[in-house]
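A structural walkthrough
So the chains spell out like this:
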Amino acid sequence: MTVRTNPGVRLLPNAITVLALCAGLSAVQFALTGNYAMAIASIGIAAVLDSLDGRIARLLDATSKMGAELDSLADGISFGVAPALVLYVWHADGERIGWVAALIFAVCMILRLARFNTLLDDTEQPPYAAEFFVGVPAPAGGLLVLLPLTLSLQFGEGWWSSQVVVLVWTVAIAALAISRIPTLSLKTVKVAPKAVGPLLVLVGVLAATIILYPLVALAAALLLYLVHVPYAVRRFRWLARHPEAWDVPARERRAIRRARSARRLGLRRPLRRRVAGAARRAVRRNGTHEVSQGPRGRHDRKRSWRSLGLRRGQGRSD
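Procedures and definitions
Residues numbered from 1 in each chain as written. Predicted model: local features only at pLDDT ≥ 70, side-chain atom pairs only at ≥ 80, totals over all residues. Heavy atoms only, no water. UniProt positions renumbered as here; feature names shortened; annotations may be inferred. Helix = DSSP H or I, 4+ residues; strand = E, 2+ residues; numbered from the N terminus. Expected span 1.5 Å × (residues − 1). Contact = heavy atoms within 4.5 Å. Phe/Tyr/Trp six-rings, centres within 6.5 Å; stacked < 30°, edge-to-face > 60°. Buried < 20%, exposed > 50% of the residue type's maximum accessible area, 1.4 Å probe, protein only. Core = buried A, V, L, I, M, F, W, Y, C linked by side-chain atoms within 4.5 Å. Axes fitted to C-alpha atoms, helices over the stretch in contact; angles between N-to-C directions. Parallel < 35°, antiparallel > 145°, perpendicular 65-115°, else oblique. Nonpolar A, V, L, I, M, F, W, Y, C, P; charged D, E, K, R; others polar. Left-handed = near helix turned anticlockwise from the far one by under 90°.

Under the annotation held in an unreviewed UniProt entry, the chain carries the name CDP-diacylglycerol--serine O-phosphatidyltransferase and is attributed to Amycolatopsis magusensis. Regarding the chain, the relevant UniProt record gives this comment under Sequence similarities (unreviewed entry): "Belongs to the CDP-alcohol phosphatidyltransferase class-I family." Annotation of the chain in UniProt includes, under Subcellular location (unreviewed entry), the sentence "Endomembrane system".

Structure below.
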């Protein structure tokens with residue numbers, strides 16, 4: 001049975017994409033007027049809208065080739081061109097080196113989006129590849145490159161706002177965008193039913209923090225995102241080495257990982273009828289000594305077993 005969607009409803013995802021584009025371009029206008037806080041907020045709004053348009057399109061069965069192309073163009077402007085211009089207006093002061101860094105970031109972000117579109121048609125990727133992005137995604141890169149500006153607005157001028165640091169940071173984020181470093185994709189994250197309640201409480205706390213301390217919350221979120229990158233790389237490499245974990249839930253993957261770690265450390269499950277080597281040698285030594293003492297040897301031997309907390313059958317190796 002085919003679900004027929006209203007043509008007006010099918011325009012909703014594209015309308016959201018256009019709104020994200022307008023938000024990204026508005027960041028440049030806010031930067032030109034010196035309102036850098038609103039410039040950061042505009043790019044943040046564009047990131048939220050960008051995360052919604054694709055999901056709504058799939059939910060309404062309104063995906064189209066035009067929508068995919070429009071989404072890529074909007075991302076290139078909102079998270080490539082707009083952040084680069086905001087940084088140039090804020091810190092470059094018309095210097096050529098600042099413009100070069102802005103160009104590098106914008107070009108790398110557009111190249112990253114072009115590669116992302118080509119990977120969508122790649123059918124030879126392993127199953128676990130859908131859980132990762134290749135490089136830092138465009139919305140995260142557009143916000144990460146503005147981290148020095150965010151810190152300057154919250155804490156004032158410091159080493160993070162020096163020209164050299166800002167230029168190096170811009171080029172570094174551009175390199176992360178076009179790199180092959182895997183980063184986690186939230187699209188495949190599944191929440192356990194018992195974790196829904198605590199997660200909703202956490203969302204409420206985050207909402208209150210964003211309302212009261214928006215720049216601090218944004219800076220903390222960006223730093224946490226950077227911290228997760230080594231974990232994503234480690235998880236990607238572990239999955240690449242363990243094909244048996246590709247099609248199993250996360251809980252079973254953790255069990256496989258713990259089992260592998262136990263084997264690597266030389267650990268094994270305890271055996272009921274076997275005593276460790278040192279304890280077995282101690283039992284044999286004590287038993288031999290007690291038997292050689294005479295008629296009471298058997299009685300003392302039993303006592304030595306009890307003193308060690310062992311039973312007679314445990315001293316035998318299989």
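Before going further, it helps to spend a moment on the UniProt feature "transmembrane region" (unreviewed entry) in the chain. The UniProt record marks residues 12–30, 73–91, 97–116, 128–147, 159–178 and 199–227 with the feature "transmembrane region" (unreviewed entry), using the residue numbering of this structure. Within the segment residues 12–30, helix and strand shares are 100% and 0% respectively, and the terminal C-alpha atoms sit 27 Å apart. Annotation note: span residues 159–178, helix share 80%, strand share 0%, distance between end C-alpha atoms 27 Å.

It is worth spelling out helix 5 (residues 96–120) at this point. The end-to-end C-alpha distance of helix 5, which contains 25 residues, comes to 37 Å, matching closely the 36 Å that a straight helix rising 1.5 Å per residue would cover. Each element contacted by the buried residues of helix 5 is listed here: helix 4 (65–92), strand 1 (132–134), helix 6 (138–144) and helix 8 (163–178).

Bringing the environment of Tyr225 into the picture now. Within the fold, Tyr225 resides in helix 10 (residues 214–241). Note: C-alpha distance between Tyr225 and Leu144 (81 residues apart in sequence) is 9.0 Å. Look past the residues within four positions of Tyr225 in its chain and what remains in contact with it is Val136, Pro137, Ala140, Leu144 and Thr183.

Evaluation of the coordinates by the stated rule reveals four aromatic pairs. With a centroid separation of 5.1 Å and 70° between ring planes, the pair formed by Tyr88 and Trp99 is classed as edge-to-face. In this pair, Tyr88 is assigned in helix 4 and Trp99 in helix 5, connecting sequence segments 11 residues apart. Taking 5.7 Å as the distance between ring centres and 70° as the angle between the ring planes, the aromatic pair formed by Trp159 and Trp160 counts as edge-to-face. When its relative accessible area of 62% is taken as the criterion, Trp159 is described as exposed.

The next subject is the nonpolar core. Among the nonpolar cores identified, the biggest contains 37 residues, and Val86, Phe105, Leu146 and Leu149 are the most heavily contacted of them. Setting aside chain neighbours within four positions, we find Leu146 in contact with Ile40, Ile43, Pro83, Val86 and Leu87.

Our focus in this paragraph is the packing of helix 2 (residues 12–32) against helix 4. One way to put it is that helix 2 packs onto helix 4 with a least axis distance of 9 Å and a crossing angle of 10°. When the interaxial angle is binned, helix 2 and helix 4 end up roughly parallel. Contacts between helix 2 and helix 4 involve Asn14, Thr17, Val18, Ala20, Leu21, Gly24, Leu25, Ala27, Val28, Ala31 and Leu32 on the former and, on the latter, Gly67, Leu70, Asp71, Ala74, Ile77, Ser78, Ala82, Leu85, Val86 and Val89. When grouped by side-chain class, the residues that make up the contact of helix 2 with helix 4 number 15 nonpolar, five polar and one charged.

Helix 4 packs onto helix 3 (residues 36–59) with a crossing angle of 165° between their chain directions and a minimal axis gap of 11 Å. The pairing of helix 3 with helix 4 is recorded here as roughly antiparallel in orientation. Seen from above, helix 3 lies across helix 4 with left-handed handedness. In contact with Tyr36, Ala39, Ile43, Ala46, Ala47, Asp50 and Asp53 of helix 3, helix 4 contributes Asp71, Asp75, Ser78, Phe79, Pro83, Val86, Val89 and Trp90. Looking at the contact of helix 3 with helix 4 residue by residue, the class counts come to 10 nonpolar, one polar and four charged.

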